[in-house]
Amino acid sequence: LNAFLDARAIPADTTFKPDLAIIGGGPAAISLALALADTPIDMLLLESGGLKYEYPTQQLYAGTETGVKYVALDATRLRFLGGCSSHWGGWTRPLDGVDFEERAWLPYSGWPFSRAELEPYFARAQALVEAGPFIYDDAKTWTDVMGAPLKLGPGGVYTSWFQFSKTRDSDLPTQFGARYEQDLKRIPNLKLMLHANVTGIRLANNAGHVDHLDVATLSGKTFTVKPKYTVLATGGIENARLLLASNDVMKPGIGNAHDLVGRFFADHPIPRDTATMVLFDGNLASYYQNQQTAAGAQVRATLSPSQDFIRARQVLGSLTTVEEEVQLDDLGQAAVSATAAALDVDADNVKAYSLGCGMEMMPDPDRRLMLTDKRDALGMPRLELHMTISDLDFARYRDTMKELGRQLLAARTGMVRLNRKTREEWLSVMDWGNHHLGTTRMHKDPRGGVVDANSQVHGVANLYVAGSSVFPTYSASNPTMNLVALTLRLADHLRGLFK
Amino acid sequence: MTATWRGRIARRPFLLGAFAVLAAIAGTGVLLETPTARRNRAVFFHGNLLGLLDDRDDARLIGASVLKGLKGFDVHETTRLLGGRIGKRALGDVLVGDAVAGRLGDAGGWVLPETLALLCALAAKTG
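Residues numbered from 1 in each chain as written. Chains lettered and ligands numbered in written order. Predicted model: local features only at pLDDT ≥ 70, side-chain atom pairs only at ≥ 80, totals over all residues. Heavy atoms only, no water.

A. Looking closely at the overall build of chain A. For chain A, the helix and strand inventory stands at eleven helices and 21 strands. For 499 residues, the compact-globule formula gives about 23 Å, and the C-alpha radius of gyration of chain A, at 24 Å, lands near that figure. By its C-alpha atoms, chain A is 80 × 45 × 40 Å across when sized along the principal axes. Here chain A holds 499 residues, and the buried ones make up 63% of them. Of all intrachain contacts in chain A linking residues separated by at least 6 positions in sequence, the fraction that spans at least 24 positions is 75%. Carbon together with sulfur atoms contributes 48% to the accessible area of chain A, which is approximately 18,300 Å² in total. Positive and negative charge centroids in chain A, built from 50 and 56 side chains respectively, lie 4 Å apart. (Helix = DSSP H or I, 4+ residues; strand = E, 2+ residues; numbered from the N terminus. Rg over C-alpha atoms; globule rule 2.2 N^0.38 Å. Buried < 20%, exposed > 50% of the residue type's maximum accessible area, 1.4 Å probe, protein only. Contact = heavy atoms within 4.5 Å. Areas by Shrake-Rupley, 256 points an atom, 1.4 Å probe, with all protein chains shown as cover. Lys, Arg positive; Asp, Glu negative; His and termini not counted. Charge placed at Lys NZ, Arg CZ, Asp CG, Glu CD.)

B. A look at the overall build of chain B. When helices and strands are counted, chain B shows seven helices and two strands. If you list the helices and strands of chain B from N to C, you get α-α-α-α-α-α-β-β-α. The buried share of chain B, taken over its 127 residues, is 33%. Long-range pairs, those at least 24 residues apart, make up 72% of the contacts in chain B between residues at least 6 apart in sequence. Summed over all atoms, the accessible surface of chain B reaches about 7,700 Å², with 60% contributed by carbon and sulfur.

C. How the structure looks around the side chain of A:Arg93. All names here are of chain A. Structurally, Arg93 can be placed in the loop between strand S6 (91–92) and helix H3 (119–128). A polar contact is formed between the side chain of Arg93 and the side chain of Ser160, at a distance of 3.1 Å. Those residues within four positions of Arg93 in sequence are excluded, and the remaining contacts are Tyr136, Tyr158, Ser160, Trp161, Phe162, Ser304, Leu319, Ser477, Asn478, Met481 and Asn482. (Polar contact = N/O pair within 3.5 Å; in protein donor to acceptor, adjacent residues only side chain to side chain.)

D. Structural context of the interface of chain A and chain B. Across the boundary between the two partners, chain A contributes 24 residues, which contact 22 residues of chain B. Summing the contributions of chain A and of chain B, the shared interface buries around 2,000 Å²; its carbon and sulfur component is 73%. Summed over the shared surface of chain A and chain B, the number is one salt bridge. At the surface where chain A touches chain B, the tally comes to six residue pairs in polar contact (both at pLDDT 80 or more). Among the elements of the structure, strand S13 (275–279), helix H8 (330–343), helix H9 (391–410) and strand S20 (414–418) of chain A are those that each provide at least two residues to the side of chain A that touches chain B. Top element by residues in the side of chain A that touches chain B is H8(A). It accounts for twelve residues. (Buried area = accessible area lost by both parts, 1.4 Å probe. Salt bridge = Lys/Arg side-chain N within 4 Å of Asp/Glu carboxyl O.)

E. Here's a closer look at the packing of helix H1 (residues 27–35) of chain A against helix H11 (residues 479–497) of chain A. All names here are of chain A. It is the contact of H1 with H11, at a shortest axis distance of 9 Å, that shows an interaxial angle of 40°. Judged by the inter-axis angle, H1 sits oblique to H11. Here H1 and H11 pass one another in a crossing that is right-handed. Along the contact surface, H1 presents Pro27, Ala28, Ser31, Leu32 and Ala35, while H11 presents Thr480, Leu483, Val484, Thr487, Leu488, Ala491, Leu494 and Arg495. For the contact of H1 with H11, the class distribution of residues is nine nonpolar, three polar and one charged. (Axes fitted to C-alpha atoms, helices over the stretch in contact; angles between N-to-C directions. Parallel < 35°, antiparallel > 145°, perpendicular 65-115°, else oblique. Left-handed = near helix turned anticlockwise from the far one by under 90°. Nonpolar A, V, L, I, M, F, W, Y, C, P; charged D, E, K, R; others polar.)

F. Just the packing of aromatic side chains, in detail. Residues and elements named next belong to chain A. For the coordinates displayed, the defined rule picks out 20 aromatic pairs over all chains. Relative to Phe265, the ring of Tyr70 has its centre 5.7 Å away and its plane inclined at 85°; by these criteria the two rings are edge-to-face. On the criterion of sequence distance, the pair formed by Tyr70 in the loop between strand S5 (64–67) and S6 and Phe265 in the loop between helix H6 (238–245) and S13 is long-range, its members being 195 residues apart. The two residues Tyr70 and Phe265 agree in class, both being buried. With a centroid separation of 6.5 Å and 45° between ring planes, the pair formed by Tyr229 and Tyr464 is classed as tilted. In this pair, Tyr229 is assigned in strand S12 (residues 229–232) and Tyr464 in strand S21 (residues 463–465), connecting sequence segments 235 residues apart. Three or more aromatic residues joined by ring pairs form one cluster here, namely Phe100, Trp111, Phe113 and Phe471. (Phe/Tyr/Trp six-rings, centres within 6.5 Å; stacked < 30°, edge-to-face > 60°.)

G. Highlighting the packing of helix H6 (residues 91–101) of chain B against helix H7 (residues 114–126) of chain B. Residues and elements named next belong to chain B. Across the interface, H6 lies against H7 with an axial gap of 7 Å and an inter-helix angle of 120°. Taken together, H6 and H7 sit at an angle that is classed as oblique. Residues Leu91, Val94, Leu95 and Asp98 of H6 pack against Glu114, Thr115, Leu116 and Leu119 of H7. For the contact of H6 with H7, a count of residues per class yields five nonpolar, one polar and two charged.

H. The arrangement of the pairing of strand S18 (residues 368–375) of chain A in detail. Residue and element names in this part refer to chain A. Bridge count between S18 and strand S19 (residues 381–387): five bridges; the pairing is antiparallel. Bridged to Met370 within S19 is Glu384. The turn linking S18 back onto S19 is made up of five residues, and Gly379 within it adopts a positive phi angle of 85°. (Pairing = 2+ DSSP bridges.)

I. Structural context of the sheet that holds S5(A). Residue and element names in this part refer to chain A. Strand order across the open sheet formed by three strands is S5-S19-S18, with mixed pairing between neighbours. Both outer strands of the open sheet, S5 and S18, are each paired with one neighbouring strand and no more. If you compare each strand with its neighbour and ignore which way they point, the axes differ by 30° on average. Where S5 lies against S19, four bridges are found, and the strand directions are parallel. Along S19, the bridge assignment pairs Thr66 with His386. Contacting S18 and S19, H6 runs over the sheet at an angle of about 60° to S18.

J. Representation of unusual backbone geometry. All names here are of chain A. Positive phi, normally seen in glycine, also occurs at Asp13, with a value near 70°. One can find Asp13 in the loop between strand S1 (5–6) and strand S2 (15–16). Given a relative accessible area of 72%, Asp13 falls into the exposed group. For Glu130, which is not a glycine, the phi torsion comes out positive at approximately 55°. Mapped onto the elements of the fold, Glu130 is located in the loop between H3 and helix H4 (143–146).

Quick look at the structure:
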């Protein structure tokens with residue numbers, strides 16, 4: 001086994017010259033290193049933290065937030081080996097075809113390729129996140145055994161499926177650092193260095209390629225890495241920070257000639273108790289509320305707008321989950337009683353459930369990360385996040401819930417109450433997925449994105465970005481498995497460069 | 001009327017003429033109907049409509065919420081609309097038809113078939 005290096009023990013003025021420098025140690029960085037194991041590519045992975053949480057390192061993430069209330073920048077992510085996978089919930093679901101499409105009604109939408117480009121990588125990504133066999137919407141095959149799905153009239157909402165990451169027999173999701181520590185140590189062509197903070201990506205004078213990386217430790221050591229290629233994989237917030245802060249040659253920051261780096265930040269809003277769903281007969285298969293095993297996978301049902309509905313009704317992705325059972329007020333009881341009677345259905349066993357959801361946001365250039373004058377312990381400028389969410393985001397989700405209500409009525413199954421109407425009501429129940437997306441968006445045109453279809457920073461020949469910061473639109477699906485798939489695709493591209 | 005004269009009258013033009021006369025009489029009747037008569041007729045019909053509701057108190061409670069979201073609610077127009085929509089059909093089938101057609105109403109956030117929402121609004125307004 002190759003022991004991990006500790007940057008604090010590296011002599012000053014040392015220069016490393018790997019084929020590939022991987023900046024970061026989260027799911028993208030680790031997946032990339034694993035994918036390039038046993039290749040001739042000499043890799044150096046630079047992780048800021050250690051193997052566990054360390055407060056001084058975590059404080060490097062501190063910043064400020066303005067606009068809509070968001071999670072503190074040093075609380076929404078983790079800075080040690082494994083990155084954010086050390087606090088993720090393990091929810092997985094692949095992006096849908098519509099997520100990649102340019103939609104005329106959705107400004108800034110469209111990936112530079114279709115879902116077909118990622119499909120060959122989903123199975124391996126699924127294996128890396130340890131979410132079992134790739135089933136997802138095929139889980140409906142097991143509803144004969146697990147219980148009948150909700151009976152809905154024809155329409156735009158259907159029962160879709162999550163899967164869950166599990167570390168072997170553990171209840172916890174796969175934490176990439178702990179889970180793959182030994183595998184990383186077995187990679188002969190990898191040096192993994194802990195406590196190594198990249199503080200600058202230094203371009204050659206012509207700005208056409210990366211010349212070297214500045215590395216520093218909190219103990220005061222500094223040294224240099226001169227890689228042939230660099231992959232920036234520090235997460236959706238820090239990727240932008242490092243590009244913006246590396247502004248010695250390109251004054252706006254690397255890849256920022258068109259003022260795009262740090263813009264289009266997104267997350268998945270997770271408003272609670274968005275709606276109340278009533279089922280007249282009270283029958284709800286347990287997989288709507290809890291994970292259940294199907295064919296070796298942990299699955300849970302979600303109510304999702306179909307791709308056709310998204311296109312036709314111009315809504316965004318959303319994944320609605322059934323939460324706890326709730327009691328109805330007088331109006332609710334009257335509405336349910338009157339509706340059931342009028343529909344001529346028995347409601348003696350009626351039950352009502354609170355619904356929650358993960359929503360997709362519209363891309364918004366004003367939702368952005370910016371450098372401030374404040375500095376962290378390494379002298380790096382701290383970030384400010386300006387967070388926004390549009391009333392249209394809420395309205396589109398309401399349309400989807402209204403469609404669910406319509407379908408329940410059409411099937412005489414139940415009904416829905418839309419619990420949030422005003423912006424204040426929505427914001428009062430808002431939580432966030434801590435999924436950091438969009439800040440180095442992918443677009444074939446440098447005027448539309450920071451990286452190209454291969455994840456290469458436009459105009460910088462040997463610099464790539466991995467992770468969900470390259471997502472130009474976000475889907476409602478949780479990003480981890482998808483960003484791992486995208487990283488495996490990048491690995492194939494890099495492998496080709498060294499042939 | 002001689003057989004010769006009768007023979008000149010084709011059957012179809014005769015029937016069309018008769019329909020036209022009847023339509024004119026009916027139209028005149030409608031035009032001449034007084035507001036009071038129209039209101040009484042609406043009350044009679046919406047009384048029948050409200051009889052479709054299982055619980056009048058529930059309906060009034062729901063209807064009060066429905067009315068908050070409706071502008072210019074007109075009892076007579078609504079009665080006429082619902083009378084025509086329901087006819088002799090089972091109310092449940094009408095409500096399912098509403099849902100299928102996307103005709104929906106709102107009562108304090110509850111998504112209701114429009115016909116039920118309007119029936120409840122009628123109950124709140126009149127009764």
